[in-house]
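Fold and geometry: a report
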Amino acid sequence: MDKDNEYPTGWKLAFTTLLFGNFITGLGYSMTMPFVSLFMSELHNYSKVELNLYAGLAFAATFIAQSLMAPVWGSLADRKGRKLMCLRASGVMSFTIFITGLATGAWYIIIMRFIQGLFSGYINNATALIAGETPHKRSGWVISQMLTASTAGTLLGPLIGGVLTSAIGHILPGAWQYRCSFFITGFLMFLVFISTLTFVHEEFTPIEKDKMQPMMSLLKSLPDLKLVILMFFTTMIVQSSTLSVDPIVSLYVKSLIPHSPYIVIIAGIVAAAPGLGTLIASRQMGHKLDEIGPLKALKIGLLVATILFIPMGFTNSPLVLAGLRFLLGIAAVALIPAAQTVLTLSTPKEAFGRIFSYNQAFQALGSVMGSLMGSTVSGFLSFRDVFWITGSTLLVVFIILLFNTSKQTKSAI
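To start, this report covers the structure provided alongside it.

Calculation rules
- Residues numbered from 1 in each chain as written.
- Predicted model: local features only at pLDDT ≥ 70, side-chain atom pairs only at ≥ 80, totals over all residues.
- Heavy atoms only, no water.
- Helix = DSSP H or I, 4+ residues; strand = E, 2+ residues; numbered from the N terminus.
- Rg over C-alpha atoms; globule rule 2.2 N^0.38 Å.
- Buried < 20%, exposed > 50% of the residue type's maximum accessible area, 1.4 Å probe, protein only.
- Contact = heavy atoms within 4.5 Å.
- Areas by Shrake-Rupley, 256 points an atom, 1.4 Å probe, with all protein chains shown as cover.
- Lys, Arg positive; Asp, Glu negative; His and termini not counted.
- Salt bridge = Lys/Arg side-chain N within 4 Å of Asp/Glu carboxyl O.
- Polar contact = N/O pair within 3.5 Å; in protein donor to acceptor, adjacent residues only side chain to side chain.
- Axes fitted to C-alpha atoms, helices over the stretch in contact; angles between N-to-C directions.
- Parallel < 35°, antiparallel > 145°, perpendicular 65-115°, else oblique.
- Left-handed = near helix turned anticlockwise from the far one by under 90°.
- Nonpolar A, V, L, I, M, F, W, Y, C, P; charged D, E, K, R; others polar.
- Phe/Tyr/Trp six-rings, centres within 6.5 Å; stacked < 30°, edge-to-face > 60°.
- Core = buried A, V, L, I, M, F, W, Y, C linked by side-chain atoms within 4.5 Å.

**Observations regarding the overall build of the protein**
For the protein, the count of helices and strands is 18 helices and 0 strands. Since a compact globule built from 413 residues should have a radius of gyration of about 22 Å, the 20 Å found for the protein is in line with a globular shape. Over its C-alpha atoms, taken along the principal directions, the protein stretches across nearly 60 × 45 × 35 Å. Relative to its full complement of 413 residues, the protein shows a buried share of 59%. Sequence-distant contacts in the protein: of pairs separated by 6 or more residues, those separated by 24 or more amount to 86%. When the accessible surface of the protein is split by element, carbon and sulfur atoms take 70% of a total near 16,600 Å².

**Here's the deal with the side chain of arginine 88**
Inspection of the secondary structure assignment puts arginine 88 in helix H4 (residues 82-100). In this structure arginine 88 is buried but unpaired, with glutamate 202 as the nearest side chain of opposite charge at 12 Å. From its side chain, arginine 88 meets the backbone oxygen of phenylalanine 119 in a polar contact 2.4 Å long. From its side chain, arginine 88 meets the backbone oxygen of serine 120 in a polar contact 3.0 Å long.

**Observations regarding the packing of helix H2 (residues 36-43) against helix H8 (residues 176-199)**
One way to put it is that H2 packs onto H8 with a least axis distance of 9 Å and a crossing angle of 130°. As summarised for this structure, H2 and H8 are arranged oblique, according to the angle between their axes. Considering how the two elements wind past one another, H2 and H8 form a crossing that is left-handed. Across from Val36, Leu38, Phe39, Glu42 and Leu43 in H2, the residues of H8 making contact are Tyr178, Arg179 and Phe182. Across the contact of H2 with H8, the residue classes break down as 6 nonpolar, no polar and 2 charged.

**Examining the packing of aromatic side chains**
Scanning the entire structure with this criterion turns up 11 aromatic pairs. Considering the side-chain rings of phenylalanine 39 and tyrosine 178, the 5.9 Å spacing of their centres and the 35° angle between planes classify their relative orientation as tilted. Of this pair, phenylalanine 39 sits in helix H2 while tyrosine 178 sits in helix H8; the two residues are 139 residues apart in sequence, bridging distant segments of the chain. In this structure phenylalanine 39 comes out as buried when scored by relative accessible area, which is 0%. On the numbers, 5.0 Å between centres and 50° between planes, the contact of phenylalanine 314 with tryptophan 388 is tilted. With phenylalanine 314 in the loop between helix H13 (294-312) and helix H14 (318-332) and tryptophan 388 in helix H17 (residues 383-404), this residue pair connects regions lying 74 residues apart in the sequence.

**Some thoughts on H2**
Burial analysis of H2 places 6 of its 8 residues in the buried class, the great majority of the element. Listing the buried residues of H2 in full gives Val36, Ser37, Leu38, Phe39, Met40 and Leu43.

**A closer look at the environment of cysteine 86**
Along the chain, the position of cysteine 86 falls in helix H4. When the C-alpha positions of cysteine 86 and isoleucine 123 are compared, they lie 7.8 Å apart, and in sequence the two are 37 residues distant. Among residues more than four places away in sequence, those in contact with cysteine 86 are Tyr122, Asn125, Ala126 and Thr196.

**Concerning the nonpolar core**
Core analysis: the biggest nonpolar cluster contains 50 residues, and Met231, Leu298, Leu302 and Met312 have the highest contact counts within it. Elements that contribute at least two residues to this core include exactly helix H7 (139-169), helix H10 (225-243), helix H11 (249-256), helix H12 (263-292), H13, H14, helix H15 (336-345) and H17. Among the elements that make up this core, the one with the highest residue count is H10 (8 residues). Among all residues touching methionine 231, those that are not within four sequence positions of it are Leu295, Leu298, Ala339, Val342, Leu343, Asn359 and Leu401. Membership of the second largest hydrophobic core comes to 48 residues, among which are Met33, Ala61, Met146 and Ala175.

**Describing the environment of glutamine 340**
Checked against the element boundaries, glutamine 340 lands in helix H15. Relative accessible area serves as the criterion here: at 2%, glutamine 340 is assigned to the buried category. Linking glutamine 340 and methionine 373, residues 33 residues apart in sequence, is a C-alpha distance of 25 Å. Those residues in contact with glutamine 340 that sit more than four places away from it in its chain are Ile143, Leu147, Phe356 and Asn359.

See the structure below:
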């Protein structure tokens, strides 16, 4: 079968199932994490600095573990297949999120998040699996849909989590309103595990470890190693820009409207606004990636995102903040999905697992950088400074790409 022109049998069912899995995985993360600082405050009387730092560590713990283990899981994926990696990740995530609902203190949450990170990788492997089964002429659209599903889940999760937590809070006040959200999220991840096990079939021939090309040799054999490394770096900074705001968004909204009885719901709306923009723009932008090339789309997305972050630090209105984040969600469709598409078009299929895992490691490092930067800057300086510093880092990446990829921009990439 010619992979450039034909879809394998069962492709549509597998694509739909993995799309669902990516969405729920993103949702499972963000339904609870934006409210972790509020959850911690119910468990113990922490100071402002302690609360900010513990919230940052809770965010960072998963991604520190991810960055350590991603290359190991990537190598195993190339030898054993990506479906097995998806099952591992979704199964462990369902367990750790559920158990986090029983937390008695901040360090309990941080440790469970670290364990979750050690076995994570559903989104990365699901994307690599379906990318390897997709004709190249549709790569941009398919990968943008897969990553948009996870992004939309991540960004819509706070809205769903906020409404759910607020509703439960009328019945079970205090820490229990947050505990129930973890229990529900754990159950949703179990559904992902079952659906992936049942509906995804992968055509994969196991490879002996001693027959695999060494990673350094593989990197040197790539047609454009410099471009691949630039995509790793870009993924790291883009992810950092996303995660710099997540740990402090609910606290920032609370500082804008300290006496409102609807802080949780409003914080959820502000955090989820980019998700709505992403959903609206995803289909059209996915086709644009194939039409104008993912690299050009990436540069445009970086420039727009840079411009949007600046006024976020000036506004005193949660409504204006939500509107700006909505526009950021539209721009986000041309960021991580575009970088992933460049990697797909620049990498042989037999190396997808390792290249995508290294990209995940850089993405995890970006998450660590972003979450710690957001919590540290907001704790010692101000919430507004987080937005300005984030916008500046995106501008630096845009300039680097602008002066180092002029040749590739003229090609299909």
